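Results of the structural survey
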Amino acid sequence: MRKMYFIFMLCALLIITAACGKKEVSPRAIDEKNDKCAQCNMAVMDNQFATQLILKNGKTFVFDDIGCMYKWKSENKNENIEAEFVRDYHSKEWVESDKATYVYDQSIRTPMAYNVISFQNKKDAEAFISKNSGKILNFDQLQDHKWKMNKEMMEKNMQAGHTDMNGDHSHMDEGNDHSHE
């Protein structure tokens, strides 16, 4: 009987050890010279707006705007997503998308004018809103967000040659520059 108990415990330990040995998935570096947004085909800058998702088969997709990532997800519902990452608006560090806090406001300029930015912690998002404007969204609320491109802002971006969006695009529209945040 003790022998059976020992074998059972050994098998249980092996199963637990195998489950704990799951490979951690992490985001890859952005290659500004070669990376194109999987949704809009624009260049992806190594900045606070870049996002990426990794499929269970290991394939990685990068996006220039969180809105592009969500549009891609809505058009590719059958893909098995392993992990999603966004960037902290201030530090530009990668954050698992389900652990980030988001701010939406139509005046927030993003590369494709979806007007959503992400923060690693809620305090930073609240501080941003107190100095600017916006609405806080958590990950669950982001799933129900209406992903509409701000066409007026997109037209302004295109008229400006999209050049001001390649550097520090952390400013708001209409001269309300908050890039010093």
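Residues numbered from 1 in each chain as written. Predicted model: local features only at pLDDT ≥ 70, side-chain atom pairs only at ≥ 80, totals over all residues. Heavy atoms only, no water.

Attention now moves to the overall build of the protein chain. A tally of regular secondary structure across the protein chain gives five helices and seven strands. Listed N to C, the secondary structure of the protein chain is α-β-β-α-β-β-β-β-α-β-α-α in terms of helices and strands. Across the protein chain, the fraction of contacts at a sequence separation of at least 24, relative to all contacts at a separation of at least 6, is 60%. Within the structure as shown, the protein chain displays about 10,900 Å² of accessible surface, and the carbon and sulfur contribution to it stands at 51%. (Helix = DSSP H or I, 4+ residues; strand = E, 2+ residues; numbered from the N terminus. Contact = heavy atoms within 4.5 Å. Areas by Shrake-Rupley, 256 points an atom, 1.4 Å probe, with all protein chains shown as cover.)

For the rest of this paragraph, the subject is helix 5 (residues 151-159). The set of residues buried in helix 5 consists of Met153, Met154 and Asn157. Relative to the axis of helix 5, the buried residues are bounded by an arc of 100° and lie together on one face. The exposed residues of helix 5 that point more than 90 degrees off its buried face are Lys151, Glu152, Glu155 and Gln159. (Buried < 20%, exposed > 50% of the residue type's maximum accessible area, 1.4 Å probe, protein only. Arc of directions from axis to C-beta.)

If you walk through the whole model with that rule in mind, you get eight aromatic pairs. Their ring planes at 70° and their centres at 6.2 Å tell us that Tyr114 and Trp147 sit as a pair that is edge-to-face. Here Tyr114 is found in the loop between strand 5 (101-104) and strand 6 (116-119), whereas its partner Trp147 is found in the loop between helix 4 (139-143) and helix 5, with 33 residues between them in sequence. Like Tyr114, the residue Trp147 is buried in the burial classification. Members of the aromatic cluster, connected to one another through ring pairs, are Phe49, Tyr89, Phe119 and Phe128. Taking NZ or CZ as reference, Arg87 lies 3.9 Å from the ring centre of Trp94, over its face. (Phe/Tyr/Trp six-rings, centres within 6.5 Å; stacked < 30°, edge-to-face > 60°. Lys NZ or Arg CZ within 6 Å of the ring centre and 35° of its normal.)

Here we take up the sheet that holds strand 6. Spatial strand order, 6-5-7: three strands in an open sheet with antiparallel pairing. Of all strands in the sheet, those with a lone pairing partner are strand 6 and strand 7 (135-137), marking the two edges. This sheet shows a mean twist of 30° between the axes of neighbouring strands, independent of strand direction. Of the pairings in the sheet, the one linking strand 5 to strand 7 comprises three bridges and is antiparallel in character. Following the sheet pairing, Tyr104 is matched in strand 7 by Lys135. (Pairing = 2+ DSSP bridges. Axes fitted to C-alpha atoms, helices over the stretch in contact; angles between N-to-C directions.)

What follows covers unusual backbone geometry. Despite not being glycine, Asn41 shows a phi value in the positive range, around 70°. Checked against the element boundaries, Asn41 lands in the loop between helix 1 (2-20) and strand 1 (51-55). Its relative accessible area of 54% is what places Asn41 among the exposed residues. The backbone of Lys92 shows a phi angle near 65°, a positive value even though the residue is not glycine. Along the polypeptide, Lys92 turns up in the loop between strand 3 (81-87) and strand 4 (94-96). Lys92 sits in the partly exposed class, given a relative accessible area of 39%.

This part covers the confidence of the model for the protein chain. Overall, the prediction assigns the protein chain a mean pLDDT of 83, with 76% of residues at 70 or greater. Note that residues 163-181 has pLDDT below 50 and, in this model, 44 contacts with residues that lie over four places away or in other chains. (pLDDT = per-residue confidence, 0-100.)

What follows deals with the nonpolar core. Counting 28 residues, the largest nonpolar core has Phe63, Ile66, Tyr102 and Leu142 as its most contacted members. Of all the secondary structure elements, the ones that give two or more residues to this core are strand 1, strand 2 (60-63), helix 2 (66-75), helix 4 and helix 5. Top element by residues in this core is helix 2. It accounts for five residues. Membership of the second largest hydrophobic core comes to eight residues, among which are Ile108, Ile117, Phe119 and Ala125. (Core = buried A, V, L, I, M, F, W, Y, C linked by side-chain atoms within 4.5 Å.)

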